[in-house]
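# Summary of the model geometry
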Amino acid sequence: MSEHSSLTGRRGYALVSLSLDIDASDGLDRAESARLLNRTIARVELLRGVEFTEPVDLNFRTRSEVAPLFPADNVSRPAAVNAYYEALGLVGEDRDAVGVLREKQAGGAAAFVVSRPVPQLDLQPGDVTVVIDEGQSAYAETTLAHELVHTLQVQQLEFPYTQAPGSTDSFNARRGVVEGEASHVGYRYQRRCATDWSCVSPEASESEGLSTAATGLL
């Protein structure tokens, strides 16, 4: 299942306190997702103090569709990766550790933003993609808010945050800044949801099964 929609948030904060007529228990349809996206954009602008400069596309893709997009550590050295995880007892000789790493990353992802075009999934820089399981169509508003901060980073900073050449320390430092900002805004967003904002928060659902090896890596 996949769906693509082009949705744009309005300027100003008129939507911030708006209560949406959404029942997330039966999933979110296209119209509900459009209203939720507009409100979440306005709230992120309020919390972050920065406006979106371009329309935001909201996409839905299954885990099987996005799994090939996730890079595996040291993918250029698959033999070393396999030896490493076999030595730890997490991946047996009958499995490809690189494939297990991708399975783990896709299985643990709720949503993501791309910083460069992904033609095979019709994604452009700054697009938000919600990762869903078969039969699922609901997602948390706070997850959307977190990813929209990454969209702001792409739009305002032209920041290719998924690429960080250099040492492991430089990669971790860069990721700490990028994810730290999104997590901080997400924390403030969650606090407002617990006090004076009405927020969409569907019940957590079980992800489709991961292999024993991927579960061990998680």
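Here, every reference points to the structure presented above.
Residues numbered from 1 in each chain as written. Predicted model: local features only at pLDDT ≥ 70, side-chain atom pairs only at ≥ 80, totals over all residues. Heavy atoms only, no water.

## Brief notes about the overall build of the protein chain
Each helix and strand in the protein chain was counted, giving seven helices and four strands. When the elements of the protein chain are put in sequence order from the N terminus, they spell out β-α-β-α-α-α-β-β-α-α-α. Counting only residues that meet the buried cut, the protein chain has 44% of its 218 residues in that class. Counting every atom, the protein chain has about 11500 Å² of accessible surface; 49% of that belongs to carbon and sulfur. (Helix = DSSP H or I, 4+ residues; strand = E, 2+ residues; numbered from the N terminus. Buried < 20%, exposed > 50% of the residue type's maximum accessible area, 1.4 Å probe, protein only. Areas by Shrake-Rupley, 256 points an atom, 1.4 Å probe, with all protein chains shown as cover.)

## What to know about the state of the cysteines
Counted according to the given criterion, the structure contains one disulfide. Covalent S-S linkage joins cysteine 193 and cysteine 199, the inter-sulfur distance amounting to 2.0 Å. Around the S-S axis, the bridge from cysteine 193 to cysteine 199 shows a dihedral of about -85° and counts as left-handed. Owing to a relative accessible area of 15%, cysteine 193 belongs among the buried residues under this scheme. Exposure remark for cysteine 199: the relative accessible area of 25% places this residue in the partly exposed category. (Disulfide = S-S within 2.5 Å.)

## Observations concerning the packing of helix 5 (residues 141-157) against helix 6 (residues 168-195)
Running from amino to carboxyl end, helix 5 crosses helix 6 at an angle of 140°, the nearest separation of the two axes being 9 Å. One way to sum up the angle between helix 5 and helix 6 is to call them oblique. As helix 5 packs across helix 6, the resulting crossing turns out to be right-handed. From helix 5, Glu141, Thr142, Ala145, His146, Val149, His150 and Gln153 reach across to helix 6, where they touch Val178, Glu179, Glu181, Ala182, Ser183, Val185, Tyr189, Gln190 and Cys193. Here the contact of helix 5 with helix 6 is built from residues that sort into seven nonpolar, six polar and three charged. (Axes fitted to C-alpha atoms, helices over the stretch in contact; angles between N-to-C directions. Parallel < 35°, antiparallel > 145°, perpendicular 65-115°, else oblique. Left-handed = near helix turned anticlockwise from the far one by under 90°. Contact = heavy atoms within 4.5 Å. Nonpolar A, V, L, I, M, F, W, Y, C, P; charged D, E, K, R; others polar.)

## A look at the pairing of strand 2 (residues 56-62)
Here strand 2 lies mainly inside the structure; seven of its seven residues are buried. A two-sided burial pattern is seen for strand 2, the buried positions comprising Val56, Leu58, Phe60 and Thr62 on one face and Asp57, Asn59 and Arg61 on the other. Bridge analysis of strand 2 against strand 4 (residues 128-132) gives five bridges, and the strand direction is parallel. Bridge pairing in strand 4 places phenylalanine 60 opposite valine 130. (Pairing = 2+ DSSP bridges.)

## Considerations on the environment of arginine 102
Structurally, the position occupied by arginine 102 is in helix 4 (residues 97-108). You can call arginine 102 partly exposed: its relative accessible area is 26%.

## A short note on the side chain of threonine 40
Tracing the backbone shows threonine 40 in helix 1 (residues 30-48). Under the relative-accessibility criterion, threonine 40 is labelled buried at 0%. Threonine 40 has contacts with Glu141, Leu144, Ala145, Leu148 and Tyr189, leaving out every residue within four places of it along the chain.

## A short note on helix 3 (residues 78-87)
Of the residues making up helix 3, those classed as buried are Val81, Asn82 and Tyr85. Buried residues of helix 3, seen end-on, are gathered within an arc of 95° and therefore sit on one face of the element. The exposed set on the far side of helix 3, more than 90 degrees from its buried face, consists of Ala79 and Ala87. (Arc of directions from axis to C-beta.)

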